[in-house]
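Report on the structure
Each chain, letter by letter, is given below.
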2 protein chains.
Amino acid sequence: MWLLYQFPLCPFSRKLRILLAEKGVGYEPRRESPWLRRDEFLQMNPAGQTPVMVNSERPAALPMIDSMAICEYFEETVDKASMLGGTSADRAEIRRLVTWFDTFFYRDITAPLLKERMEKRLVLRESPDAGRLREAMKAAVAHLDYTDYLLDNRKWIAGSTISLADLAAAAQISIADYLGGIDWKSHETTKRWYVGMKSRPSFRPLLAERMEVVSPHADYEKLDL
Amino acid sequence: MWLLYQFPLCPFSRKLRILLAEKGVGYEPRRESPWLRRDEFLQMNPAGQTPVMVNSERPAALPMIDSMAICEYFEETVDKASMLGGTSADRAEIRRLVTWFDTFFYRDITAPLLKERMEKRLVLRESPDAGRLREAMKAAVAHLDYTDYLLDNRKWIAGSTISLADLAAAAQISIADYLGGIDWKSHETTKRWYVGMKSRPSFRPLLAERMEVVSPHADYEKLDL
Ligand SMILES: N[C@@H](CCC(=O)N[C@@H](CS)C(=O)NCC(=O)O)C(=O)O
Ligand SMILES: N[C@@H](CCC(=O)N[C@@H](CS)C(=O)NCC(=O)O)C(=O)O
């Protein structure tokens, strides 16, 4: 049995979980709060980050660490629902965009929202910084302008078929949306694509999950935004 | 002809250049200083980062962006000198460690050293912050403790054969070393491995390159540290 260490609002775990669901790979989610820096978790992953996956039947195997490294593993080992399809050049574009969302969307939007709206409540017991929230929401507008541009020119984020780039984008956007950071006005193209992503059987169950103390904004689960 | 946009002290470009040399892929380096945020460069790569690779014979093809995405491309298209060998689990461990060096070593050591010793000189015309330099050097000690630990248990950084993880580690370490951030005392295991990396025909020519205004520290090119 695969065990997946994660928490409900970790966008990297969410990308991976959508992939696992698309591929029909079963796993048992294990709740891990990286901010607690639990000793046993740091022994598994010296970086102290979620997601981590281990196979409970192979205790001697190394834990798998880093969402992209884990996604590549399942792309290599499970044929079903390839999310890295096409030519090597197509795959380079998919990987570029996964990194784009995992790095820049996370840094500018998801990470500050998680800090202000989750960590400050859960760990630091401070109130959120209104200026930082405004900045993250402004950054979200610029990012959705870019996804609009991509989707005006392609059927999916990285090309003509669905790929890991769509999963990475939808995972980051959905966490930002949970935390009230997305204003869907004037981003019709991205909105249409996102409603399609939300409707997938791989994604729907994740939208029903809640993080203690932090509630999602009102339209978060809706399919008719 | 492949064109590679980079500058001499970019550790991500260096990792890629070692890979290209190992594989015998020719390319023409093009000097790009990302801090200038040149319009034509931002048009190629909206992230504004080096390295970027384009094929001058295929002007319609998308530029390739992100060092790992580009390395994966050449792993897929050129068989010679595989740097992602072994089982899918072995490859997951290689990819984890590439991310480890590209993310954490870069964030804690290479990036602050580049900021203090290169950018402040070249762009900001300020003097380096001694406290930040000390912190980066302290972080380097902790990181080399980890590479010592890895190399005490394995022949190479990620396992029994040389891999992209060795290239990523050597690239980051060599830039930190150029900038005087590495104290080789009490890191015998990593030092032996690094001298081996430096001796490779793929790596040696890069050590001869210089960044204008910023000189390397005295032992930087030496093979008998
Ligand atoms: N590159 C990693 C990033 C993972 C990551 O940043 N996870 C966050 C949670 S969303 C974390 O664990 N942060 C705690 C920390 O960095 O100390 C991946 O893709 O798996
Ligand atoms: N994930 C990227 C990181 C590249 C990167 O950070 N490059 C630095 C130069 S060493 C850069 O261009 N920095 C300018 C910026 O981030 O604006 C890769 O692996 O290619």
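Just above, that's the structure.
Presented here is an overview of the structure given in this document. Because the structure is predicted, anything quoted here is derived from the model rather than measured.

Looking now at the packing of helix 5 (residues 130-153) of chain A against helix 7 (residues 188-199) of chain A. Residues and elements named next belong to chain A. Following both chains from N to C, one finds helix 5 and helix 7 inclined at 80°, their axes separated by 8 Å at the closest point. Regarding the angle of helix 5 to helix 7, the classification is roughly perpendicular. Where helix 5 abuts helix 7, its residues Leu144, Thr147, Asp148, Leu151 and Asp152 lie against Glu188, Thr189, Thr190 and Trp193. Classifying every residue of the contact of helix 5 with helix 7 by side-chain character gives three nonpolar, three polar and three charged.

Take the site of ligand 1 next. All names here are of chain A. Around ligand 1, the neighbouring residues are Phe7, Cys10, Pro11, Phe12, Pro34, Gly48, Gln49, Thr50, Pro51, Asp66, Ser67 and Tyr106. At 2.6 Å from an oxygen atom of ligand 1 is found a side-chain nitrogen or oxygen belonging to Ser67. Coverage of ligand 1 by the protein amounts to 78% of the 510 Å² it exposes when considered alone. Of the residues that constitute the shell around ligand 1, the class distribution is seven nonpolar, four polar and one charged.

Evaluated as defined, the whole model comprises 44 salt bridges over all chains. The salt bridge partner of Arg95 of chain A is Glu76 of chain B, with a shortest N-O separation of 3.1 Å. Within this pair, whereas Arg95 of chain A is found in helix 4 (residues 88-124), its partner Glu76 of chain B is found in helix 3 (residues 67-77), the two belonging to separate chains. Measuring nitrogen to oxygen at the nearest pair gives 3.3 Å for the salt bridge that ties Glu188 of chain B to Lys191 of chain B. Of this pair, Glu188 of chain B and Lys191 of chain B both sit in helix 7 (residues 188-199), three residues apart, which is roughly one turn of the helix. Of the residues examined, Glu188 of chain B reaches a relative accessible area of 43% and is grouped as partly exposed. In this structure, a network of salt bridges that share partners links the residues Glu72, Glu76, Arg91 and Arg95 of chain A together with Glu72, Glu76, Arg91 and Arg95 of chain B.

Residue and element names in this part refer to chain A. Read across the sheet, four strands follow the order 2-1-3-4 without closing on themselves; strand pairing throughout is mixed. Unpaired on one side and paired on the other, strand 2 (28-31) and strand 4 (64-65) mark the two borders of the sheet. Two elements, strand 1 (residues 2-6) and strand 3 (residues 52-55), share four bridges in a ladder whose sense is antiparallel. Note that in strand 3 the partner of Leu4 across the bridge is Met53.

All names here are of chain A. Grouped together as the largest cluster of nonpolar side chains are 69 residues, with contacts concentrated most on Leu9, Met53, Phe74, Leu97, Ile157, Leu164 and Trp193. Sorting the residues of this core by element identifies strand 1, helix 1 (11-23), helix 3 (67-77), helix 4, helix 5, helix 6 (164-178), helix 7 and helix 8 (204-207) as the ones contributing at least two each. With 12 residues, helix 4 is the single largest residue contributor to this core. Mapped onto the domain boundaries, this core takes at least three residues apiece from domain 1 (2-77) and domain 2 (88-207).

Each value, and the rule that gives it
- Residues numbered from 1 in each chain as written.
- Chains lettered and ligands numbered in written order.
- Predicted model: local features only at pLDDT ≥ 70, side-chain atom pairs only at ≥ 80, totals over all residues.
- Heavy atoms only, no water.
- Axes fitted to C-alpha atoms, helices over the stretch in contact; angles between N-to-C directions.
- Helix = DSSP H or I, 4+ residues; strand = E, 2+ residues; numbered from the N terminus.
- Parallel < 35°, antiparallel > 145°, perpendicular 65-115°, else oblique.
- Contact = heavy atoms within 4.5 Å.
- Nonpolar A, V, L, I, M, F, W, Y, C, P; charged D, E, K, R; others polar.
- Near = heavy atom within 4 Å.
- Polar contact = N/O pair within 3.5 Å; in protein donor to acceptor, adjacent residues only side chain to side chain.
- Areas by Shrake-Rupley, 256 points an atom, 1.4 Å probe, with all protein chains shown as cover.
- Salt bridge = Lys/Arg side-chain N within 4 Å of Asp/Glu carboxyl O.
- Buried < 20%, exposed > 50% of the residue type's maximum accessible area, 1.4 Å probe, protein only.
- Pairing = 2+ DSSP bridges.
- Core = buried A, V, L, I, M, F, W, Y, C linked by side-chain atoms within 4.5 Å.
- Domains from an automatic or database assignment.

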